[in-house]
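Residue-level listing of the chains:
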Amino acid sequence: MAIHGLIAKKIGTTQMFHEDGRSDDVTVVQAGPCIVTQVKTPDSDGYTGVQLGFQEVRKLNKPRQGHLSSVDKLFRHLREFGVDDPSDVEVGQEINAELFEAGDKIDATGTSKGRGFQGGVKRWGFSGGPKTHGQSDRHRAPGSIGAGSSPGHVIKGLKMAGHMGNARITTRNLEVVASDPERNLMFIKGSVPGGRNSIVLLRRAGSRKRPLK
Amino acid sequence: MEASELVKLEPNPRIDNFTPGDTVRVGIRVTEGTRTRTQVFEGVVIRNRGSGPGASFTVRRVSYEIGVERTFLTHSPAVEYVERTRRGLVKQARLYYLRGRSGRGARIKEDRRNR
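Not measured: the values here are computed from a predicted model.

### A few points about the interface of chain A and chain B
So, point 1. Counting residues at the interface gives 18 residues for chain A, matched by 15 residues for chain B.
So, point 2. With both sides pooled, the region where chain A packs onto chain B buries about 1,200 Å², and carbon together with sulfur makes up 63% of that total.
So, point 3. Where chain A touches chain B, the interface holds one residue pair in polar contact (both at pLDDT 80 or more).
So, point 4. When residues in the side of chain A that touches chain B are grouped by element, the largest group, seven residues, is from strand β1 (residues 5-17) of chain A.
So, point 5. For the side of chain A that touches chain B, the class distribution of residues is six nonpolar, seven polar and five charged.

### Some remarks on the pairing of strand β7 (residues 105-111) of chain A
Regular strands have side chains that alternate between both faces of the sheet.
All names here are of chain A.
So, point 1. Among the seven residues in β7, five count as buried, and that is most of the element.
So, point 2. Direction of pairing for β7 relative to strand β10 (residues 168-180): antiparallel, over a ladder of six bridges. In the sheet register, T111 faces β10, and the bridge partner there is R168.
So, point 3. In the sheet, β7 pairs with strand β12 (residues 199-204) via four bridges, with the strands oriented antiparallel.

### Regarding the packing of aromatic side chains
Residues and elements named next belong to chain B.
So, point 1. Summed over the entire model, instances satisfying the criterion amount to three aromatic pairs over all chains.
So, point 2. Each ring, one from F41 and one from F72, has its centre 6.1 Å from the other, and the planes form 65°; the classification is edge-to-face. Here the residue F41 occupies a position in strand β2 (residues 35-49), and F72 occupies one in strand β4 (residues 66-73), the gap between them amounting to 31 residues.
So, point 3. When the centroid spacing of 5.4 Å and the interplanar angle of 40° are considered together, the rings of F57 and F72 count as tilted. Taken together, the residues span a long stretch of sequence, with F57 in strand β3 (residues 56-63) and F72 in strand β4 at a distance of 15 residues. For the pair F57 and F72, a shared accessibility class is recorded, and that class is buried.
So, point 4. Within the aromatic cluster, the residues linked to one another by ring pairs are F18, F41, F57 and F72.
So, point 5. Seen from the ring of F41, R61 lies directly overhead, with NZ or CZ sitting 5.9 Å from the centre.
So, point 6. Lying across the ring of F41, R70 places its NZ or CZ 6.0 Å from the centre.

Calculation criteria
Residues numbered from 1 in each chain as written. Chains lettered and ligands numbered in written order. Predicted model: local features only at pLDDT ≥ 70, side-chain atom pairs only at ≥ 80, totals over all residues. Heavy atoms only, no water. Contact = heavy atoms within 4.5 Å. Buried area = accessible area lost by both parts, 1.4 Å probe. Polar contact = N/O pair within 3.5 Å; in protein donor to acceptor, adjacent residues only side chain to side chain. Helix = DSSP H or I, 4+ residues; strand = E, 2+ residues; numbered from the N terminus. Nonpolar A, V, L, I, M, F, W, Y, C, P; charged D, E, K, R; others polar. Buried < 20%, exposed > 50% of the residue type's maximum accessible area, 1.4 Å probe, protein only. Pairing = 2+ DSSP bridges. Phe/Tyr/Trp six-rings, centres within 6.5 Å; stacked < 30°, edge-to-face > 60°. Lys NZ or Arg CZ within 6 Å of the ring centre and 35° of its normal.

Written out as structure tokens, the structure reads:
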């Protein structure tokens, strides 16, 4: 299919069995149904793309109502995806889990679970200090953060304690174990960023790569 | 919506109902190189764990005076059949107390009630 991906909601994780008794840990997502709300073409927008809407709502503010007047439905989430040929796609068209089938590789983009302000040990995997040999309050300390008067400052981007999680994360090359368009479900091998009920964008693996010049 | 409820599970008609305390014969599909055969493990069910696709049960037997426990995933296709050979009358759901016992102390009374 021409569209590179769709919007989904993470439901949770469980496991599924293969015929031979092996099992996969899978993430279950509600994939679509999404409605095409806008088609972007080189003539009108300077690039190609498709805007999809997900999760219908009853009320929205006037500017959004105006934007969605062409499909006569209101959506909580609007996201853009790449498309091979925009002339294949029409506004109002439904995109569902049929887009992917078992065995396909996808990239999943979501917002990771927020972990608050965390120290270097949890955030960056620092080793911390020794537990014993006369140490006191150095157990989870970051250690040296640089030299002295030269350079005279801490270099930019140094790994330190700070806010962790709640960031946009893409997990690449996940395998679709099963796709069930009738129930709008997809079963994805491995984990997908974010908590339950969070929004994830599923794209065909590698569809965001820049073409080689 | 709970993810574990969304996985379609086909109930295996060759798995009898059983509860902890029952004695069962479990047929497991084993692949050795290219050959596939069914291995049988018989013993007392000492626990039923979980629900949905991750559910499992543990069977204990004493072979050559060594206690052996195997845990099977109830919905795994490798579990070909579970045959209940004896009903046991026990008061606990988890029969871990059998581990420290042998001989007469490890016996389980047969449940002869009609259910």
